[in-house]
Structures are given as structure tokens and as C-alpha cells.
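Here is what each chain is made of, one letter per residue.
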Amino acid sequence: MPKTTSQTPAASSGKKAPKPVNPVINAYLIAYNWASFAGWSWVLVQTVRTLLATGGDYSKVYAVVGDKLVWVQTAALLEVASRLLLVWGICTLFPVPEVRSYWAFTTMTIAWCITECIRYAYYALNLVNMGPSFLVWCRYTFFYILYPVGAGSEAIEIYQSLPFAHTIHPAYYYFLVAMLCIYPPGFFVMYTHMFAQRKRYLGPSKAKKSQ
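Please read all numbers here as calculations on a predicted model, not as lab measurements. Chains are numbered independently. Their residues run from 1 in the order of the written sequence. Only residues with pLDDT of 70 or above have their local features reported here, since the model is predicted, and side-chain atom pairs are shown and tallied only from 80 upward, although totals for entire chains, interfaces and linings are computed over all residues. The basis for every side-chain value is the complete set of heavy atoms in the structure, and neither hydrogens nor water enter the calculation.

Visitor: How would you explain the overall build of the protein chain if you had to name every residue and give the values?
Guide: Going along the chain from the N terminus, every DSSP run of H or I of four or more residues is numbered as a helix, and every run of E of two or more is numbered as a strand. The helix and strand inventory of the protein chain stands at 10 helices and 0 strands. Going residue by residue from the N terminus, the α and β elements of the protein chain occur as α-α-α-α-α-α-α-α-α-α. For each residue, the accessible area found with a 1.4 Å probe, counting protein chains only, is set against the maximum for its type, and the residue is called buried under 20%, exposed over 50%, and partly exposed in between. Burial status across the protein chain gives 37% buried among its 211 residues. Two residues qualify as a contact provided that any one of their heavy atoms is within 4.5 Å of a heavy atom in the partner residue. Long-range pairs, those at least 24 residues apart, make up 73% of the contacts in the protein chain between residues at least 6 apart in sequence.

Visitor: Describe the environment of Leu202, and please don't skip the residues or the numbers.
Guide: Locating Leu202 in the fold gives a position in helix 9 (residues 170–202). Under the relative-accessibility criterion, Leu202 is labelled partly exposed at 28%. Distance in space between the C-alpha atoms of Leu202 and Trp137 is 7.2 Å, their sequence separation being 65 residues. With sequence-adjacent residues up to four places away left out, Leu202 is seen in contact with Val136, Trp137, Tyr140 and Thr141.

Visitor: How would you sum up the UniProt feature "transmembrane region" (unreviewed entry) in the protein chain? Please name residues and give values.
Guide: Per the UniProt record, "transmembrane region" (unreviewed entry) is found at residues 25–48, 69–90, 102–122, 134–151 and 171–191. Its end C-alpha atoms 34 Å apart, residues 25–48 is made of 100% helix and 0% strand. Structurally, residues 171–191 comprises 100% helix and 0% strand, and the distance from its first C-alpha atom to its last is 30 Å. UniProt positions are given in the numbering used here, feature names are shortened, and annotations may be inferred rather than shown by experiment.

Visitor: Before we move on, could you go through the pattern of salt bridges and cite the residues and values that matter?
Guide: Any two side chains of opposite charge can pair if their charged atoms end up close together. Each salt bridge in this description consists of a side-chain nitrogen of Lys or Arg and a carboxyl oxygen of Asp or Glu lying within 4 Å of one another. In this structure the tally under the stated criterion is 2 salt bridges. Arg83 is the salt-bridge partner of Glu116, the closest N and O atoms lying 3.0 Å from each other. You can see Glu116 sitting in helix 6 (residues 103–127) and its partner Arg83 sitting in helix 4 (residues 83–92), a full 33 residues away along the chain. On the accessibility criterion, Glu116 (2% relative accessible area) is buried.

Next comes the structure, spelled out in C-alpha cells:
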């Protein structure tokens, strides 16, 4: 008599069953993402409040949020290492108005905050299987403006620091010049990547699947 075997849907379709998620790791990731969301939200609120209270005087923003921005960004060391150059190697290293009180610091901070608030809320909600469509849309649409504003402001901040870089070491000056040269192709790669990601998550094929 032939043996009969029962197959699960995953096995019969040839797909591997998803690996169980360690609840401790999952809880840590949820806490980390919500803590990061709270940190970036706080910096954004303080930045906007300062601009409103001073009539739009961007030169006052660093005094209010500069130190907090350094630590909020440093907490994301493993994720956005390139930004550490801006918070430690530019804004912290050169305590001069040409860097800290320049308008590019304010636009950079706002672009970073909005980007990270959306990103960490998106990650945290996905970890508990809650991915609201409006948040997906924000994540893959806001970059149209936030990426050019953020990257452009970063490059301007680096440029503003160049006259002071010689006081550290000539090699540091040329390192920053090299970073400025890398920015245009690096921005192009990241920007076009986000276009591909938007097409993947919000394109016509995705819309048909949701119907």
C-alpha cells in the first residue's frame, strides 16, 4: 500500500517557511526604531520652534539643537556612518558662525529629521506587521525633495568649512575636497536607487496586487 504524505502549502509550493523571529531581538528593534523616531522628532520640533521664535533666524538653530543632533545621529552609527563626518568632522570640529550659523545647517537638519522620522516609524510599524500605506507613500515620495535638500546642504556645510580645515591639517583640507568631489556621483547613485525603490513599492504592478 503506497504511503501518503501530507504537505504544507509552503512545502507544496516550493517556498521555504519563514524563520521564526527571536522575540528579544524583535523587541529591541521595535524599541530602537521608536526611540530613534522620538529623537529625530524632538530635534525637528526644536528646530521649527527656534525658527518660529526668532522670526526665521537660522543662525540660532545650532545653539539649540546642535549638540542633540550630534548624539541622535551618532546613535545611528551603523546605519548612516557618512553623516558622522558632518556632525563630528564639520559642525563639532569647527565652532565658527560660517559653519554652525549658516543657513545650510538648518536645511540639512530639517531634511535629516523628516527623513529619519518617516524611516524609523516605517521600520517600527513593519516589525509589528503594521505598514500603513500613507507611510509607505511618504517614504518613497518625500525623497524627491528631501534628498537634494539634504545632500546639497551637506555639501555646502563641507564647503563652508574648507577655509578652516587648514588649521587642523592640510591633509584634512584635501580630504574634504575629495569628499566634495564624491558627492555628485554619490548623490546620483542614491537618488536613482530611490527612484527604482519607488517603482518597486508604488509602481503600477504594486497597485494591481493591492486591488
